[in-house]
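# Fold and geometry: a report
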Amino acid sequence: MDWMDLKEALTGGAASDGEGSDGAGSGLLEGLNGPQEEAVLHGDGPMLIVAGPGSGKTRVITTRIAHLVTQRGVAPWEVLAITFTNKAAREMRERFERLVPPVDSSSGSPSGAGGHAAPRGSGAWIGTFHSMCARILRREIEALDGYTRDFSIHDTSDRNGLIKSLIKELGYDPKQFRAPVVGNWISAKKNGRGKEDGYELGDGSMEEDVFRQVAARYEERMRQQNALDFDDLLLKVLELFDAHHGIRDAYATRFRHVLVDEYQDTNRVQYRLVRHFASFHSNLTVCGDPDQSVYGWRGADIRNILDFEVDYPNARVVRLEQNYRSTGKILDAANCVIANNSARKEKDLFTEGDEGEPPVVIECGDENDEAREIAAQIRSHVAKGGRYGDCAILYRAGFLQRAIETALRYDGVPYQVVAGLEFYQRREIKDLVAYLRLALNPADDVAFARVVNTPSRGVGDTSMGRLQAFASARRLPLSAALRESDALAEIRGRAKKGLAEFAALLEELAPARDLDAAVALDLVLESIDVDRWLAELDDGSMTVDRAANVEELRVFAEDYDARSPEGKLRGMLEEVALVADSDAPEPTDDATKLMTLHACKGLEFPYVFIAGVEDELLPHERAVDEAVEPDLAIEEERRLFYVGITRAEKKLLMTYTTYRSFYGGGRQTLPSRFLHELPKDGIEGSGSSDLEEDVLGEFDASEGAGAGLGVGDMVIHPHFGRGKIEQLTGAGINARATVVFVREGRKQLLLQYASLERMES
DNA sequence: AAATCCGCGTTTTTT
DNA sequence: ACGCGGATTT
């Protein structure tokens, strides 16, 4: 192994500060601070790691796993590490495998629980709750009634689609009962949360009764088609463990150590799963930060982490409070803000690094001023030698993005919106995946319905309705109904021919179930005549993209086969279903990142802007209004602010407006109440009243440059090059120049930041 | 089957 | 203001 790699892995990331000399030998502990070392070295028994932001948490977990494996005789496959996202899982696996390079994985599998699911590499189970459960169910689900290991995994849009058709089937108005609302309600019920989540509609039981009817039929239909939704993946494992203690115990003993990351985000079902896994040995390490719990609205239960010591009375508690990310002033701000919450575990971040510059609060007139201000700040940062990629702009709600993008484009600031979803949501991908699902699990009616007329076979609503009626009368899956000669009796013409074609196609696809994923995909592509299909989807502009997406899926399949030769189609489908970000947008070389406050969790940037720090937007009024416990909702909003603040390494700028447009209209806005919670002496204001001078003072170089400028002057700008001043507006902090640049065209610049130089001509 | 129009909702998002 | 889905139109 390459020593440099190991060293980098050991010291990796934020904690690289205080590392000493190269000590040979037991390098695992090198550079760890006291509590970090304690967490790594902890032996058996439960442990709670309260990990503040930037405290080297991931490093501690990966090092701990490495320690268990190399020093305590725990085999990699006896370790279960659970994360929330695939991204986190990937990262953890990579870092762990850098510490403990995997040996030949085939040697690692114990009997029984090994099999195809032994992952590439180390053999450690590092994954999300969902992938772990899917893996267990692929092996064990046949112990439960009615399911086979070829079960399909339905995503949220599959779920909503089915629910919608059930609503219609039951004779209700799909407008009055919206599928996503009903779907959420069902999900909430399944996850053991009830009315407190606001699904209870005003006129009560009538509507709930409808929900219940839909829910009952939904469960029935899912079972009939051998399909599980995301919630079911976890619930079925619980069911399995409850019904078959032997199976539960096999897993509880197989994993000698269980580690859960982001424990503050677990919901009640996940909590119960964890308890099962730790039931034998209580070798359970959970890691998280109650102050960063921002997913309460989707079922995360902060009590899980707050009550850990109640659940496990002998738990060791380790606090990681030393921060390796942010400057002192930024941490002060974070500490001050979060101290206003009551549902927390006391925690005080500190740093041995610099005090740094105080956070800045800037008042802006409206969202356009705000956006221009941010753009100007970024340009000024770049003018001083910084990178666009150092900067991130965070906001509470997506609609703030628009004005910001406009300003960034106008100013030529490269940016990248960090979004979610994407790939697997694309139509052509979903279609192909539906074909593959159908090949593996012919009972998958949702997949059937999706592709029966894709590409077009003349099968419309009428004939599908008839087939459906026939199938449900006989409790048959659609594909099975299709094989009954009577089924087509009432169907004529094009549709009849089309259904016959489709039936033949399904026969053709049947062998795919045992093929390598890429071969199976090829079979589908060939059978449906890709080119014709793509041509049909062509609405003029997207053809190239779609073809590229298909190719991308093919590459993914090939890659999957290479990685997991045992998985075949079954395994690949599982990954496609659970790995939404199959190829998440690679961080673009040097671009400012835009994202919501939720999306920024876990990331860090030298320069952080938080836009729209206004009452009714940062404590979001809907979050507060719709909550049963408004106080708790405010606390979650405050945590969101805290998460945003603690992303910043060097500089934190917060902006608010006095007026903001909303959906056409607009209104006066007030600074967020959270701003008043910032330390009074550690904050610089700007843009308003008495603090203007300070800020101007800071930028006196550009002020000086701006002072001597006049309309018609030729100027030079560090980024845009030469230009001519067309117009000068505003004064003091708001002094702007409209400049027509030779290369970049007309731009508005804030003189304060633009560092324009006059050229004598 | 494609084009067009109407009406609604518009916080946050993973699997 | 705007975009999306659904329904209506051709």
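This write-up is about the structure you can find in this document.

Calculation criteria
Residues numbered from 1 in each chain as written. Chains lettered and ligands numbered in written order. Predicted model: local features only at pLDDT ≥ 70, side-chain atom pairs only at ≥ 80, totals over all residues. Heavy atoms only, no water. Salt bridge = Lys/Arg side-chain N within 4 Å of Asp/Glu carboxyl O. Buried < 20%, exposed > 50% of the residue type's maximum accessible area, 1.4 Å probe, protein only. Helix = DSSP H or I, 4+ residues; strand = E, 2+ residues; numbered from the N terminus. Pairing = 2+ DSSP bridges. Axes fitted to C-alpha atoms, helices over the stretch in contact; angles between N-to-C directions. Contact = heavy atoms within 4.5 Å. Disulfide = S-S within 2.5 Å. Near = heavy atom within 4 Å. Polar contact = N/O pair within 3.5 Å; in protein donor to acceptor, adjacent residues only side chain to side chain. Nonpolar A, V, L, I, M, F, W, Y, C, P; charged D, E, K, R; others polar. Core = buried A, V, L, I, M, F, W, Y, C linked by side-chain atoms within 4.5 Å. Parallel < 35°, antiparallel > 145°, perpendicular 65-115°, else oblique. Left-handed = near helix turned anticlockwise from the far one by under 90°.

### Some thoughts on the pattern of salt bridges
Per the counting criterion, the structure on display carries 56 salt bridges. In this structure, the salt-bridge partner of Arg 303 is Asp 301, at a minimum N-O distance of 2.6 Å. According to the relative accessible area criterion, Asp 301 is buried, its value standing at 13%. Among the ionic pairs, Lys 568 bridges to Asp 516, the shortest N-O distance being 3.0 Å. Placement of the pair is Lys 568 in helix 25 (residues 568-578) and Asp 516 in the loop between helix 21 (493-509) and helix 22 (517-528), with a sequence separation of 52 residues. Residue Asp 516 is classed as partly exposed on the basis of its relative accessible area, which comes to 30%. Each of the salt bridges in this network shares a partner with another, and the network as a whole consists of Lys 57, Asp 261, Glu 262, Asp 265 and Lys 601.

### Brief notes about unusual backbone geometry
With omega at -5°, the peptide bond leading from Thr 454 into Pro 455 counts as cis. For Pro 455, the location among the structural elements is in the loop between helix 18 (445-451) and helix 19 (461-474). Backbone geometry places Asn 226, a non-glycine residue, at a positive phi of 55°.

### A short note on the sheet that holds strand 14 (residues 648-657)
Strand order in this open sheet of six strands is 9-14-13-10-12-11, and the pairing throughout is parallel. The strands lining the two open edges of the sheet, one partner per strand, are strand 9 (360-364) and strand 11 (415-417). On average, each strand axis in the sheet is tilted by 20° relative to the strand beside it, whichever way the strands run. With three bridges joining them, strand 11 and strand 12 (residues 592-596) adopt parallel strand pairing. The residue of strand 12 that forms the bridge with Tyr 415 is Thr 592. Strand contacts of helix 16 (residues 401-410): strand 10 (391-395), strand 11 and strand 12, with the helix running at about 160° to strand 11, the strand carrying the most contacts.

### Comments concerning the state of the cysteines
Enumeration according to the criterion identifies zero disulfides in this entry. Unpaired in this structure, Cys 336 has its nearest cysteine sulfur neighbour in Cys 600, at a distance of 20 Å.

### Remarks on the protein's contact with DNA strand B
Lining the immediate surroundings of DNA strand B are 26 residues, of which Asn 86, Arg 396, Gly 398, Thr 596 and Arg 622 lie closest. Near the protein, within 4 Å, the atoms of DNA strand B are sugar or phosphate in 58% of cases. One of the side-chain N or O atoms of Tyr 663 is found 3.3 Å from a phosphate oxygen in DNA strand B. Split by residue class, the surface near DNA strand B holds ten nonpolar, eleven polar and five charged.

### What about the sheet that holds strand 2 (residues 79-83)?
Strand order across the open sheet formed by six strands is 3-2-6-7-1-8, with parallel pairing between neighbours. Across the chains shown, the open sheet's two edge strands, defined by having one partner strand only, are strand 3 (125-128) and strand 8 (316-320). Here the strands of the sheet are splayed against their neighbours by 15° on average, with no regard to which way each runs. The sheet contacts of helix 3 (residues 57-71) involve strand 1 (47-51), strand 2, strand 6 (257-260), strand 7 (284-288) and strand 8, and relative to strand 6 the element is tilted by about 175°.

### Regarding the pairing of strand 9
In terms of residue burial, strand 9 counts as a mostly covered element, since four of its five residues are buried. The sheet contact formed by strand 9 and strand 14 spans five bridges and is parallel. What sits directly across from Glu 363, in strand 14, is Tyr 656.

### Examining the environment of Arg 178
Structurally, Arg 178 is set in the loop between helix 6 (156-169) and helix 7 (179-190). In sequence terms Arg 178 and Ile 167 are eleven residues apart; their C-alpha atoms lie 8.6 Å from each other. Within the structure, Arg 178 has its side chain in polar contact with the backbone oxygen of Lys 175 (distance 3.4 Å).

### Digging into the nonpolar core
Ranked by internal contacts, the top residues of the largest apolar core, which has 51 residues, are Leu 432, Phe 448, Leu 467 and Phe 502. Top element by residues in this core is helix 17 (residues 427-440). It accounts for nine residues. Sequence-distant contacts of Leu 467, that is, excluding residues within four places in its chain, are made with Phe 448, Leu 478, Ala 481, Leu 482, Ala 487, Ile 491 and Leu 499. Counting residues in each nonpolar core, the second largest holds 45 residues, with Cys 133, Leu 137, Leu 284 and Ala 315 among its members.

### Quick notes on the packing of helix 2 (residues 34-41) against helix 3
A pair of packed helices is captured by two measures, namely the crossing angle of their axes and the spacing between those axes. Here helix 2 crosses helix 3 at 40°, and the two axes come no closer than 8 Å. Viewed along their axes, helix 2 and helix 3 adopt a mutual orientation that is oblique. Note that helix 2 runs across helix 3; the crossing there is right-handed. Taken together, the residues of helix 3 that come into contact with helix 2 (itself represented by Gln 36, Ala 39, Val 40 and Leu 41) are Arg 59, Val 60, Thr 63, Arg 64 and His 67. Class assignment of the residues belonging to the contact of helix 2 with helix 3 gives a composition of four nonpolar, three polar and two charged.

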